[in-house]
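Architecture at a glance
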Amino acid sequence: MKHSFLNDAFFKGLDSSALGVEAAETLPPLCYTDREFYEFEKEALFNHEWLCVGRESWVKEAGDYFTTSIIDEPIVVARGRDGVIRAMSSVCQHRAMLVAEGQGNTRAFLCPYHHWSYGLDGQLIGAPAMEKTCNFDKKDIKLPQFKVEVWHGFIFINFDLDAPALAPRLTALEGVMAPYSMATLNGPAPDRNIKFPWNWKVMFENNNDGYHANRLHGGALHDFVPSRLAAFPDDLPADTAGYYRTNGTLHADASFNPTQKAILPVFPALGEAERNRMLFVNVPPTLSLVITSDMIIYLILRADGAETHLMDQGYLVAPGALEDPLFDDKLAMNKHSTAAIIAQDLHVDEMVQVGLRSRHAIRGRYSWQEQAQREFNGWLVRRYQETWARTKPAA
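We now turn to the structure provided with this report. (Residues numbered from 1 in each chain as written. Predicted model: local features only at pLDDT ≥ 70, side-chain atom pairs only at ≥ 80, totals over all residues. Heavy atoms only, no water.)

Quick notes on the sheet that holds strand β5 (residues 103-105)
Remark on secondary structure: sheet strands pair via backbone hydrogen bonds, oriented parallel or antiparallel. Strand order in this open sheet of seven strands is β1-β10-β9-β4-β3-β2-β5, and the pairing throughout is antiparallel. Single-partner strands in this sheet number two, and they are β1 (51-55) and β5. Taking each pair of neighbouring strands and ignoring which way they run, the sheet shows an average axis angle of 30 degrees. Sheet topology note: the strand β2 (residues 64-70)/strand β3 (residues 73-79) ladder contains six bridges and is antiparallel. Looking at β3, one finds that T67 is bridged to V76. (Pairing = 2+ DSSP bridges. Helix = DSSP H or I, 4+ residues; strand = E, 2+ residues; numbered from the N terminus. Axes fitted to C-alpha atoms, helices over the stretch in contact; angles between N-to-C directions.)

What to know about the side chain of E205
Structurally, E205 can be placed in helix α5 (residues 200-208). With no salt bridge to any partner, buried E205 finds its closest opposite charge in K201, at an N-O distance of 7.3 Å. When near neighbours in sequence (up to four residues on either side) are disregarded, E205 contacts Y32, Q373 and F376. (Buried < 20%, exposed > 50% of the residue type's maximum accessible area, 1.4 Å probe, protein only. Lys, Arg positive; Asp, Glu negative; His and termini not counted. Salt bridge = Lys/Arg side-chain N within 4 Å of Asp/Glu carboxyl O. Contact = heavy atoms within 4.5 Å.)

A look at the layout of surface pockets
The probe, sized like a water molecule, is rolled over the atoms to show the empty space still left. Here the largest pocket defines a volume of roughly 560 Å³. Listing elements by their share of the lining of the largest pocket, those giving two or more residues are β11 (191-196), α5, β13 (243-248), β14 (277-283), β16 (295-305), β17 (308-317) and α8 (327-356). At six residues, α8 tops the list of elements feeding residues into the lining of the largest pocket. For the lining of the largest pocket, the residue count by class is 16 nonpolar, nine polar and four charged. Estimated volume of the second largest pocket: approximately 450 Å³. Forming the walls of the second largest pocket are 19 residues, and the residues nearest its centre are T26, E205, V352, E370 and Q373. Those elements that provide at least two residues to the lining of the second largest pocket are α5 and α8. For the lining of the second largest pocket, the leading source of residues is α8, giving four residues. (1 Å grid on protein atoms, 1.4 Å probe; cavity = no way out; pocket = protein on both sides within 12 Å on 5 of 7 lines; lining within 4 Å. Points joined across faces, edges and corners; volume = space filled by probe spheres on them. Nonpolar A, V, L, I, M, F, W, Y, C, P; charged D, E, K, R; others polar.)

Digging into the packing of α5 against α8
How two helices pack is summed up by the angle between their axes together with the distance between the axes. Closest axis-to-axis distance for the α5/α8 pair is 10 Å, and the angle between their directions is 135 degrees. In terms of axis orientation, α5 runs oblique to α8. Crossing hand, α5 versus α8: right-handed. Side by side, α5 and α8 meet where V202, M203 and N206 of the first sit next to D345, L346, D349, V352, Q353 and L356 of the second. A per-class count over the contact of α5 with α8 returns five nonpolar, two polar and two charged. (Parallel < 35°, antiparallel > 145°, perpendicular 65-115°, else oblique. Left-handed = near helix turned anticlockwise from the far one by under 90°.)

The structure is reproduced here in structure tokens:
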């Protein structure tokens, strides 16, 4: 009989991943590969933390909705006739058929299987041929609801209806984010439901990592963002729900295209400091932002297995940028130039996942340029250890 590796010693051993970056070591490889650990992680993270699911602009009008999923939970997000954004399970409370798929605009959600219908608030409003069913009242049935909060235009949900609010635990990020006025920004339709064969943390860590920037990505299209100019705040509170890093650039308004300069409008409120660096903001376990002076790339990571995840990727640009007749061409320039960089990242992520399965994978050490990884570890380890203390089997 296989004995679980999840025990007091394992979780005590995670202390070393949350030390200062000069002493810390990586998480155990099993945290990225093991199905049992992933099931534990659902309770430690996803059942109680705030999860980004999209942008407020995806549901601009009453009746607009979109669907998504995290840890295999089907979710529908809709704006009601009262203007309120609600998130709920899209699982019909009759026979578990999904009542919504994709995105669109509707007056109600009609289950295609047996035509049970639900209002935009999730309340059951129609159930044909149920008049002979004992003790059945439509008023008693509603799609399960989730807690919702909008932060800088991003919609977050929480499966835990008693969870504390998100925004008060992200105040440490407000100063660096304020000049971008992110809540007011828009962009082209995102690419959604991109499937990757590696653990969500591998992706999140790569997004955090400035150490590899001009090593893996060395060349004319990346050398102007050298790893040696990475900088990390030293005043983040211990209970912060997010963190950030900056990376200086060798010239102002640096951008990943053949001109090496911004070709889209620069965000109007940026000062000299913001125009001479890039900003990377992370709200684990789902949202990662790459911010330049003229464009914001947002990545929404959605775990769906021990060694797989889904991702939604989109762009936000300065007010008025979308009206430029050449916007699509300018964005295409950026996308074409970053394609090779992204391909390098994705190949590394896939090969890291292969390496993590090896008997020779160890708990490695960090460079000072990987401080953001330690911040991520600190966020994870506290939640892992607190959940283990709360849920471990009785002795």
